[in-house]
2 protein chains.
Amino acid sequence: MSGTLYVIGTGPGSPEQMTPEALAAVSKATEFFGYFPYLDRLSLRGDQKKVASDNREELDRASVALRRASEGVDVAVVSGGDPGVFAMAAAVCEAIEQGPAEWRQIDIVVTPGVTAMLAVAARAGAPLGHDFCAISLSDNLKPWDVITRRLKLVAEAGLVIALYNPISKARPWQLGEAFAILCGILPPSTPVIFGRAAGRPDERIVVQPLSEADATVADMATCVIIGSPETRIIDRGEKSGLVYTPRFIAGASK
Amino acid sequence: MSGTLYVIGTGPGSPEQMTPEALAAVSKATEFFGYFPYLDRLSLRGDQKKVASDNREELDRASVALRRASEGVDVAVVSGGDPGVFAMAAAVCEAIEQGPAEWRQIDIVVTPGVTAMLAVAARAGAPLGHDFCAISLSDNLKPWDVITRRLKLVAEAGLVIALYNPISKARPWQLGEAFAILCGILPPSTPVIFGRAAGRPDERIVVQPLSEADATVADMATCVIIGSPETRIIDRGEKSGLVYTPRFIAGASK
């Protein structure tokens, strides 16, 4: 009989932002598969085993976990944030679709989590207070021209834009080019929030106007939120400003 | 001296999906402001007071809470899901911007939560596994032509679409019209997920192809997720199908 495969979201990193449901799933599994910084967030018992892998090996990792579940082991595949957002839940589904028929009979339990953009938004004010989108800037996963086309369309649509995977050593120029594209569509004063490690001790939140947005502020652990033309900053003097997107647009029916 | 104003997200509804951080914030406040079904999710002490209001009175509710905080009371403004997504964090910011100068000096602490689309996605598979957006379908908040323009642009961009506030007694036709608009752009087989009360005992997840999507399946407590042209369903026989959006699009750089 197959084991259960849990797909677990740890939240942004602070244990205080991980749900009891996710913690309960951790207690049920005996083998844990994930990128090592996410596995390191878990406090495991002596009978629970970690199998760490690199962050570019999602599909292989998912396949190994599914094979172990098919052998009767309760396993967990671990993501930071929410496992359904640019993370392991989709990789597990891909592996199931490509894998042997018996993998389709494995019980899959996904526990949602607080994804990075929500944690960053909470620290900045309410930038996601109205329509928004989440786009991965990684052209390891899709062609760059698909990404630029999407950026233009969502900016024209007036959506706030959360960028995941904004930059890495292997992808140093994409974020700067994304800012340049958006500068041609959005007002120069549009707030850009660089949110790193939100909710953790090494948290860093930086807000810059789009026309001066400096891509080198971001790293792999940063979620970048670019406002819409409606997004505003409330000046609070010595306190940090509140960045927010109003819930209303003039001309509503009521 | 002012009190602190906590903006709390309860998550989708199950206590198991509320973060310890949000629970800790609940323990610190003494007056709670919110729409009554969300307040009812909290277990409060005898010295903690609930002030319930209707779900159309967000700005007034935020102003009353800010006034109480300015009088030295630690208060909490409560949202379901994540307070930053179509919820009270933006209303609090609006009230601060419009209110007396001293409100800008009140400490604001927003605790993020699992927003509805993440909870629904976790139950369905991984429909938000690649680029996606969240759009409120309420034309109480913005003109209907802004909504339809946004729907067309994000569908053309190939984003998965999560619709919040899809329908209500006062807005019965908008969801059906949204489906009709999207039918003109997306394949007829595009999966549509109706996710009601995800994670709660009365949970109901229904998946229909876009060409047959029935708006009457939705109610106020439903989040509707409409796939992109990439979104697929893995048939699992007697088990419910897994709806997912692959992480890859052909033609990526690597």
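Residues numbered from 1 in each chain as written. Chains lettered and ligands numbered in written order. Predicted model: local features only at pLDDT ≥ 70, side-chain atom pairs only at ≥ 80, totals over all residues. Heavy atoms only, no water.

Student: Could you clarify how one ought to interpret the overall build of chain A in this entry?
Tutor: Scanning chain A from N- to C-terminus turns up 7 helices and 13 strands. Its C-alpha atoms give chain A a radius of gyration of 20 Å, near enough to 18 Å, the size a compact globule of 254 residues would have. For chain A, the C-alpha atoms occupy an extent of roughly 60 × 45 × 40 Å along the three principal directions. Here chain A holds 254 residues, and the buried ones make up 60% of them. (Helix = DSSP H or I, 4+ residues; strand = E, 2+ residues; numbered from the N terminus. Rg over C-alpha atoms; globule rule 2.2 N^0.38 Å. Buried < 20%, exposed > 50% of the residue type's maximum accessible area, 1.4 Å probe, protein only.)

Student: What is the right way to look at the nonpolar core in this model?
Tutor: Side chains of nonpolar character tend, in soluble globular proteins, to be buried together. If you look at the biggest cluster of nonpolar residues, it comprises 58 residues, and the most contacted ones within it are Phe179(A), Phe194(A), Phe179(B) and Phe194(B). Phe86(B), Ala119(B), Leu128(B) and Val160(B) belong to the second largest nonpolar core, which has 40 residues in total. (Core = buried A, V, L, I, M, F, W, Y, C linked by side-chain atoms within 4.5 Å.)

Student: Whenever I open this one, the relation of the copies chain A and chain B confuses me. Can you help?
Tutor: Put simply, the second copy of the chain is the first one after a rotation about an axis and a shift along it. In screw terms, the move from chain A to chain B is a rotation of 180° and a rise of 0.0 Å along the axis, fitting with an RMSD of 0.0 Å. The two molecules are tied by a two-fold rotation axis, judged by turn and shift. The position closest to the rotation axis in chain A is occupied by the C-alpha of Cys133(A), lying 1.9 Å away. Same-surface contact between copies: 100% of interface residues of chain A are shared with the interface of chain B. (Least-squares fit on C-alpha atoms with pLDDT ≥ 70 in both. Contact = heavy atoms within 4.5 Å.)

Student: Quick question: what am I supposed to make of the domain arrangement of chain A here?
Tutor: Buried accessible area, meaning the area lost when the parts come together, often serves as the stated size of an interface. All names here are of chain A. Domain annotation of chain A identifies domain 1 (4-114) and domain 2 (117-244). Taking the mean C-alpha position of each, domain 1 and domain 2 sit 28 Å from one another. Between domain 1 and domain 2, the contact holds 11 residues from the first and 11 residues from the second. Across the domain 1/domain 2 interface, buried area totals approximately 760 Å², and carbon plus sulfur atoms make up 64% of it. Linking domain 1 to domain 2 there are 0 salt bridges. On inspection of domain 1 and its partner domain 2, the count reaches 1 residue pair in polar contact (both at pLDDT 80 or more). Among the residues making up the side of domain 1 that touches domain 2, the classes are represented as 5 nonpolar, 4 polar and 2 charged. (Domains from an automatic or database assignment. Buried area = accessible area lost by both parts, 1.4 Å probe. Salt bridge = Lys/Arg side-chain N within 4 Å of Asp/Glu carboxyl O. Polar contact = N/O pair within 3.5 Å; in protein donor to acceptor, adjacent residues only side chain to side chain. Nonpolar A, V, L, I, M, F, W, Y, C, P; charged D, E, K, R; others polar.)

Student: Quick question: what am I supposed to make of the pairing of strand β2 (residues 31-35) of chain A here?
Tutor: Consecutive side chains along a regular strand alternate between the two faces of the sheet. Residues and elements named next belong to chain A. In terms of residue burial, β2 counts as a mostly covered element, since 5 of its 5 residues are buried. In this sheet, strand β4 (residues 75-79) lies alongside β2 in parallel orientation, the contact comprising 4 bridges. Paired with Glu31 across the two strands is Val75, which belongs to β4. (Pairing = 2+ DSSP bridges.)

Student: Would you mind going over the interface of chain A and chain B with me for this structure?
Tutor: With 79 residues of chain A at the contact, the number on the chain B side is 79 residues. Each partner contributes to the roughly 6900 Å² buried at the junction of chain A and chain B, and carbon and sulfur atoms together form 57% of this total. Considering only the side of chain A, the residues that lose the most area to chain B are Leu141(A), Arg150(A) and Arg247(A), jointly responsible for 10% of the buried surface there. Here Asp131(B) ties to Arg150(A) by a salt bridge, and the two come within 2.7 Å at their closest N and O atoms. Sheet topology note: the strand β7 (residues 132-136) of chain A/strand β7 (residues 132-136) of chain B ladder contains 3 bridges and is antiparallel. The residue bridging Phe132(A) from the neighbouring strand is Ala134(B), located in β7(B).

Student: Would you mind showing me how to read helix α5 (residues 116-124) of chain A here?
Tutor: The periodicity of an α-helix, 3.6 residues per turn, causes residues three or four positions apart to be oriented the same way. All names here are of chain A. Buried residues dominate α5, accounting for 7 of its 9 residues. Turning to α5, its buried residues are Met117, Leu118, Ala119, Val120, Ala121, Ala122 and Ala124. Positioned one or two residues after α5, Gly125 has a phi angle of 140°, which is positive.

Student: Help me understand the sheet that holds strand β6 (residues 125-126) of chain A in this model?
Tutor: What links the strands of a sheet is backbone hydrogen bonding, and the strands pair in either a parallel or an antiparallel sense. Judged by pairing direction, the sheet is mixed, and its 3 strands sit side by side in the order β6-β13-β12 (chain A) without closing on themselves. The sheet is open, and its two borders are formed by β6 and β12 (232-236) of chain A, each paired with just one other strand. On the sheet, helix α4 (residues 88-98) of chain B packs against β6, β12 and β13 (239-244) of chain A and is oriented at approximately 120° with respect to β13(A). (Axes fitted to C-alpha atoms, helices over the stretch in contact; angles between N-to-C directions.)

Student: How should I be thinking about the side chain of Asp131(B) in this particular structure?
Tutor: Here Asp131(B) lies in the loop between β6 (125-126) and β7. Within the local environment of Asp131(B), its side chain forms a polar contact with the backbone nitrogen of Ser136(A), the two atoms lying 2.9 Å apart. At 3.0 Å, the side chain of Asp131(B) and the side chain of Lys142(A) are in polar contact. For Asp131(B), the contacting residues outside a window of four places in its chain are Phe86(A), Ala134(A), Ile135(A), Ser136(A), Lys142(A), Arg150(A), Leu159(B) and Val160(B).

Student: It is not clear to me how the packing of helix α6 (residues 144-157) of chain B against helix α7 (residues 174-183) of chain B should be interpreted in this structure. Could you clarify?
Tutor: Two numbers describe a pair of packed helices, the interaxial angle and the distance between the axes. Residue and element names in this part refer to chain B. Contact geometry of α6 with α7 gives a least axis separation of 10 Å together with a crossing angle of 35°. Two packed elements cross with a definite hand, and for α6 against α7 that hand is right-handed. Between α6, through Trp144, Thr148, Leu151, Lys152 and Ala155, and α7, the contact on the second element is made entirely by Gln174, Glu177, Ala178, Ile181 and Leu182. Looking at the contact of α6 with α7, its residues break down into 6 nonpolar, 2 polar and 2 charged. (Left-handed = near helix turned anticlockwise from the far one by under 90°.)

Student: Which parts of the structure should I look at to understand the UniProt feature "domain: Tetrapyrrole methylase" (unreviewed entry) in chain A?
Tutor: The UniProt record marks residues 4-213 of chain A with the feature "domain: Tetrapyrrole methylase" (unreviewed entry), using the residue numbering of this structure. For residues 4-213 of chain A, the helix share is 33%, the strand share is 24%, and the end-to-end C-alpha distance is 45 Å. (UniProt positions renumbered as here; feature names shortened; annotations may be inferred.)

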